[in-house]
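# A structural walkthrough
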Amino acid sequence: LSPLLSKDTLPGPLYARLTSLVLKYHEFTATRTSYIHSLHLRYGPVVRVAPNEVAFASAAAVKEIYCSNGSGYDKTEWYDLFKVYDRRTMFTTLGKGEHAKRKRVLADRYANSNIVKGGVIEGIKERARVFGGLCEKAGREGVDLYISDNNNNNNTVLHAYAFDCVTLHLFHPYSTSSLTNSKDSEIMLEVTFDSSLQNRLLSHYSPPLHRLLNTLLSSLLSLKPRETPLADHFVLDTAALQANLSPFTLLHRLHHDLPPNSSLDQTDKAAECLDHMAAGIDTTGDALCFLIWELSQPSSLPCQRRLQQELRSSTPDTPIEKLAYLDAVIMEGLRMFPAIPMSLPRYVPAGGRTIGGYKIPGGTIVSGQAYSVQRLGPEHGGVFEEPERFRPERWLEGDEEKDRERRRSFFAFSQGGRGCIGKHLALAEMKCLLWEVYSKFTTLPDPRMKAEEMEMADLLVSSRPAGQRCLVRFEKLIS
Ligand code: HEM
């Protein structure tokens, strides 16, 4: 029995003390994030969601779980679902020591100083220009920003852009050109189309039942296994290349610049590259997709106008970090539509801890989800006024203390030593792409879209538009 059972003071529905079945039902139906958010709205920033699991949404609780002693509590075995080539990567290491060792090897290529200078930023801008050119061609016909339709040679998608940018950082000059090359685009589509949610959850919760159902009923229950042979081969082949690599790439670090005592073999190196490649496609692609959709709504037109003004009074050489409203738009986009909105599960260390004012026993699964940390208003224990309103101006208001308070509740990249290592790369990609789009175009929603198509559907950690399309029109601004 869970040690939490005796702690009946924890807020939450009665059934959550007795069974995890309701939570699992929401996981299998791709609604876990919105279910947990509805519990926070009802019970506040601390909610028991299963007999041995508690969800938290306050900045202080998130700090305790993800930042205490640097990188917070250890990850749970749930991360085994993400093993690559049967190896653990930095992302899937569970304990602190192992993680810190791997991070020491990889971190410097992701430092902001490596991203905003020379090859990386120039390469990102070049890809953003290709994206802009394709938008111009499509114009008022409308473009599906979520996914391309290869049959129509329409590769104008954000995932292709994100794929080409992340492979630039990993492998240049052996990066992809999926924005214009349909062979590369097939690799991106394979990684992006993940319909393996139920299959992977079942294999995690009940391996014997998973084996049985997979043999008997897989076609009926959409228990499709996750297979990405094109991406697997692309990375295995590319990660073996050693000659002419640009010094800013991760692969250059892995082949030519490892600390002497490093024990990474070739499969570890390829696994790390595949993991980063996958981590960099849907995240940046979906964050941009939801953000451009929001900016295209009539209610956000004033924000779009203010952004256009700022960008059109700058030049392509203006350092992107100097554009304050662009930064505010991106922070607000990631606040409302974090690409990883879901819980990031961790174990409470032996001996227990006090989190959010409650004593939680060791071994309990605890987590915060960005969607709730960033969307609870003051009346529910959060810090953002009118949290359901898209209002970039909020990031420019108030004094330094107010700014610190907001940033403490910003959880889109997680926090602490296990937070997103690709954060600076992702932000540079987002800024360069928005610069290209909004210094040249006004974006409008395509009338064929229905609002519910842009509702959130959970994947394993990320989410995607429920309708799996995002049709947007581009109108050229008069120069
Ligand atoms: C808007 C874009 C992005 C968002 C919102 C995002 C968000 C996150 C979050 C929330 C985590 C923590 C996950 C957890 O604890 O389970 C994470 C980890 C990670 N992200 Fe990102 N990410 C983005 C882009 C990228 C990019 C472009 C890369 C490129 C390489 C990347 C690579 C990684 C890696 C390797 C980790 C594991 C870090 C570790 O365990 O130390 N991410 N990301």
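It should be emphasised that the depicted structure is a prediction, and the values quoted were computed from it without experimental measurement. (Residues numbered from 1 in each chain as written. Predicted model: local features only at pLDDT ≥ 70, side-chain atom pairs only at ≥ 80, totals over all residues. Heavy atoms only, no water.)

## Considerations on the overall build of the protein chain
For the protein chain, the count of helices and strands is 21 helices and 11 strands. Against the compact-globule benchmark of 23 Å for 479 residues, the protein chain has a radius of gyration of 22 Å, which places it among compact chains. Principal-axis analysis of the C-alpha atoms places the extent of the protein chain at approximately 65 × 50 × 50 Å. Within the protein chain, the fraction of its 479 residues that count as buried is 56%. (Helix = DSSP H or I, 4+ residues; strand = E, 2+ residues; numbered from the N terminus. Rg over C-alpha atoms; globule rule 2.2 N^0.38 Å. Buried < 20%, exposed > 50% of the residue type's maximum accessible area, 1.4 Å probe, protein only.)

## Quick look at the pattern of salt bridges
Counted under the stated rule, the structure contains 26 salt bridges. Connected through salt bridges with shared partners, the residues D108, R109, R253 and D257 form a single ionic network. (Salt bridge = Lys/Arg side-chain N within 4 Å of Asp/Glu carboxyl O.)

## What about the coordination of the iron atom of the ligand?
What the protein offers the iron atom of the ligand as a donor is a single atom, C420 (SG), at 2.3 Å. Relative to the elements of secondary structure, C420 occurs in the loop between α20 (400-408) and α21 (423-438). (Donors = N, O, S within 2.8 Å, 3.2 Å for Na, K, Ca; no water.)

## With respect to α21
The terminal C-alpha atoms of α21, which comprises 16 residues, lie 22 Å apart, in line with the 22 Å expected from a rise of 1.5 Å per residue. Most of α21 is tucked away: 14 of the 16 residues are buried. (Expected span 1.5 Å × (residues − 1).)

## What to know about the site of the ligand
Close to the ligand lie 27 residues; Y79, H99, Y110, R346 and C420 are nearest. Here an oxygen atom of the ligand and a side-chain polar atom of R346 are 2.9 Å apart. Where the shell around the ligand is concerned, the elements lending two or more residues are α15 (266-279) and α16 (282-296). Of all the elements, α16 adds the most residues to the shell around the ligand, at three residues. Split into classes, the residues belonging to the shell around the ligand amount to 16 nonpolar, eight polar and three charged. Two domains each donate at least three residues to the shell around the ligand, and these are domain 1 (1-83 + 341-388) and domain 2 (87-338 + 412-476). (Near = heavy atom within 4 Å. Polar contact = N/O pair within 3.5 Å; in protein donor to acceptor, adjacent residues only side chain to side chain. Nonpolar A, V, L, I, M, F, W, Y, C, P; charged D, E, K, R; others polar. Domains from an automatic or database assignment.)

## Side note on the packing of α16 against helix α18 (residues 324-336)
Where α16 meets α18, the axes come as close as 9 Å, and the angle between the chain directions of the two elements is 110°. Taken together, the axes of α16 and α18 lie roughly perpendicular to each other. Here A287, L291 and L295 of α16 come into contact with α18, specifically with V329, I330, G333 and L334. Tallied by class, the residues present in the contact of α16 with α18 amount to six nonpolar, one polar and no charged. (Axes fitted to C-alpha atoms, helices over the stretch in contact; angles between N-to-C directions. Parallel < 35°, antiparallel > 145°, perpendicular 65-115°, else oblique. Contact = heavy atoms within 4.5 Å.)

## Quick notes on the side chain of H26
Within the secondary structure layout, H26 lies in helix α2 (residues 21-28). Setting aside residues up to four positions removed in sequence, H26 forms contacts with T31, R32 and Y35.

## Considering the sheet that holds strand β7 (residues 365-368)
Ordered by their spatial adjacency, four strands build an open sheet running β1-β2-β7-β4, and the pairing between neighbours is mixed. Only two strands of the sheet have a single partner each, and these edge strands are β1 (46-50) and β4 (346-347). Of the strand pairs in this sheet, β4 and β7 are connected by two bridges, and their pairing is antiparallel. Residue pairing across strands places Y347 opposite I365, the latter belonging to β7. On top of the sheet, helix α3 (residues 32-43) reaches β1, β2 (53-56) and β7; it is set at about 135° to β1, its chief contact. Against the sheet, helix α4 (residues 59-67) engages β2, β4 and β7, with an angle of about 120° to β7. (Pairing = 2+ DSSP bridges.)

## A closer look at a nonpolar patch on the surface
A surface patch of nonpolar side chains, about 300 Å² in accessible area, is lined by L209, L212 and L216. With respect to the element layout, L216 can be found in helix α11 (residues 207-216). Residue class for L216 comes out exposed when judged on its relative accessible area of 61%. (Patch = residues over 30% accessible without salt bridge, like charges linked within 9 Å, V, L, I, M, F, W, Y side chains within 5 Å. Areas by Shrake-Rupley, 256 points an atom, 1.4 Å probe, with all protein chains shown as cover.)

## Observations regarding the domain arrangement of the protein chain
Under the domain assignment, the protein chain is made up of domain 1 (1-83 + 341-388) and domain 2 (87-338 + 412-476). Each of domain 1 and domain 2 has a C-alpha centre, and the two are 27 Å apart. The junction of domain 1 with domain 2 conceals about 3400 Å² of combined surface from both sides, 59% of it contributed by carbon and sulfur atoms. Counting the surface domain 1 buries against domain 2, the share from its top three residues, F28, K75 and L81, is 20%. Between the two partners, domain 1 and domain 2, sit one salt bridge. Where R88 meets D80, a salt bridge forms, and the shortest distance between an N and an O atom there is 2.8 Å. Linking domain 1 with domain 2 are 15 residue pairs in polar contact (both at pLDDT 80 or more), by the criterion used here. Mapped by element, the contributors of at least two residues to the side of domain 1 that touches domain 2 are α2, α3, α4 and α19 (370-373). (Buried area = accessible area lost by both parts, 1.4 Å probe.)

## Here's the deal with the packing of aromatic side chains
Evaluation of the coordinates by the stated rule reveals 14 aromatic pairs. Pairing W78 with Y79 gives two aromatic rings, centres 5.3 Å apart and planes at 90°, and the pair type is edge-to-face. The exposure class assigned to W78 is buried, which follows from its relative accessible area of 11%. Note on Y79: relative accessible area 1%, which makes it buried. Geometry around Y205 places K24 over its ring, the cationic atom sitting 4.6 Å from the centre. (Phe/Tyr/Trp six-rings, centres within 6.5 Å; stacked < 30°, edge-to-face > 60°. Lys NZ or Arg CZ within 6 Å of the ring centre and 35° of its normal.)

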